[in-house]
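# Reading the structure
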Amino acid sequence: MQTLALQLTTTLVDDAIELVKGFGRAVLTLATAPIERIARACDVAGVLEQRRADRRAPRQAAASGGRCKPRNCRWSPFGGLSELT
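Conventions we followed
- Chains are numbered independently. Their residues run from 1 in the order of the written sequence.
- Given that this is a predicted model, residues contribute local features only at a pLDDT of at least 70 and side-chain atom pairs are listed and counted only at 80 or more, while totals for whole chains, interfaces and linings are drawn from all residues.
- Processing note: side-chain calculations cover all non-hydrogen atoms of the structure and skip hydrogens and water entirely.
- By the criteria applied, helices consist of DSSP H or I runs no shorter than four residues and strands consist of E runs no shorter than two, each listed in order from the N terminus.
- Partly exposed describes any residue whose relative accessible area lies between the buried limit of under 20% and the exposed limit of over 50%, with all areas from a 1.4 Å probe on protein chains only and scaled to the type maximum.
- Using a 1.4 Å probe, the Shrake-Rupley method yields the accessible areas, and only the shown protein chains count as cover for residues.
- Here an axis means a line fitted to C-alpha atoms, over the contact stretch when the element is a helix, while the angle between two N-to-C directions is reported on a 0 to 180 degree scale.
- In this scheme, roughly parallel covers angles under 35 degrees and roughly antiparallel covers those over 145, while 65 to 115 is roughly perpendicular and the rest are oblique.
- For this analysis, residues touch if any pair of their heavy atoms sits within 4.5 Å.
- For this classification, Asp, Glu, Lys and Arg are treated as charged, while Ala, Val, Leu, Ile, Met, Phe, Trp, Tyr, Cys and Pro are nonpolar and the rest, including Gly, are polar.
- By definition here, a salt bridge exists when the distance from a side-chain nitrogen of Lys or Arg to a carboxyl oxygen of Asp or Glu is within 4 Å.
- Between the first and last residue of a helix there are one fewer steps than residues, each counted as 1.5 Å, and that sum is the expected span.
- Given a residue, its bend is the angle between the two axes fitted to the seven residues that end at it and to the seven that start from it.

Right, let's get into the overall build of the chain. When helices and strands are counted, the chain shows 3 helices and 0 strands. Reading the chain from its N terminus to its C terminus gives the helix and strand order α-α-α. The 85 residues of the chain split such that 2% are buried. A total of about 7,800 Å² of accessible surface is found on the chain, and carbon and sulfur atoms cover 64% of it.

Glancing now at the packing of helix α1 (residues 4–42) against helix α2 (residues 47–56). Two numbers describe how α1 lies on α2: the axes approach to 8 Å, and their chain directions differ by 110 degrees. As far as their axial angle goes, α2 and α1 are roughly perpendicular. Residues Glu36, Ala39 and Arg40 of α1 form the contact with α2, whose participating residues are Leu48, Glu49 and Arg52. Its residues assigned to classes, the contact of α1 with α2 shows 2 nonpolar, no polar and 4 charged.

Following the criterion strictly, the structure yields 2 salt bridges and no others. Residue glutamate 18 is joined to lysine 21 by a salt bridge in which the shortest nitrogen-to-oxygen separation is 3.7 Å. Of the two residues, glutamate 18 and lysine 21 are both situated in helix α1; the distance of 3 residues between them amounts to about one turn of the helix. For the salt bridge of arginine 40 with glutamate 36, the shortest nitrogen-to-oxygen distance reads 4.0 Å. Of this pair, arginine 40 and glutamate 36 both sit in helix α1, 4 residues apart, roughly one helical turn. In this structure arginine 40 comes out as partly exposed when scored by relative accessible area, which is 49%. Since its relative accessible area comes to 32%, glutamate 36 is described here as partly exposed.

Before going further, it helps to examine α1. Taking 1.5 Å per residue, 39 residues should reach 57 Å; α1 reaches 56 Å between its end C-alpha atoms and fits that length. At threonine 32, α1 shows its largest kink, close to 45 degrees, and the proline proline 34 lies no more than four residues downstream.

In structure tokens, the structure reads:
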């Protein structure tokens, strides 16, 4: 059985880690906001919105447990070039 001191310590550490992660996300969002604004203004064909929609959609290869094609794989260095072909 865990002691109360151990439970409090682990809870405080977990909360501190989440707090730091939240501050990091906020700083990152503030730093990249001007870049995102410029990118959205230059996105005439709607490529950025399509990429965001593709990220939210479930992947067939991951759902079926099979292997994905090299260019369509999430970890592929050429994955961003798939809309060019």
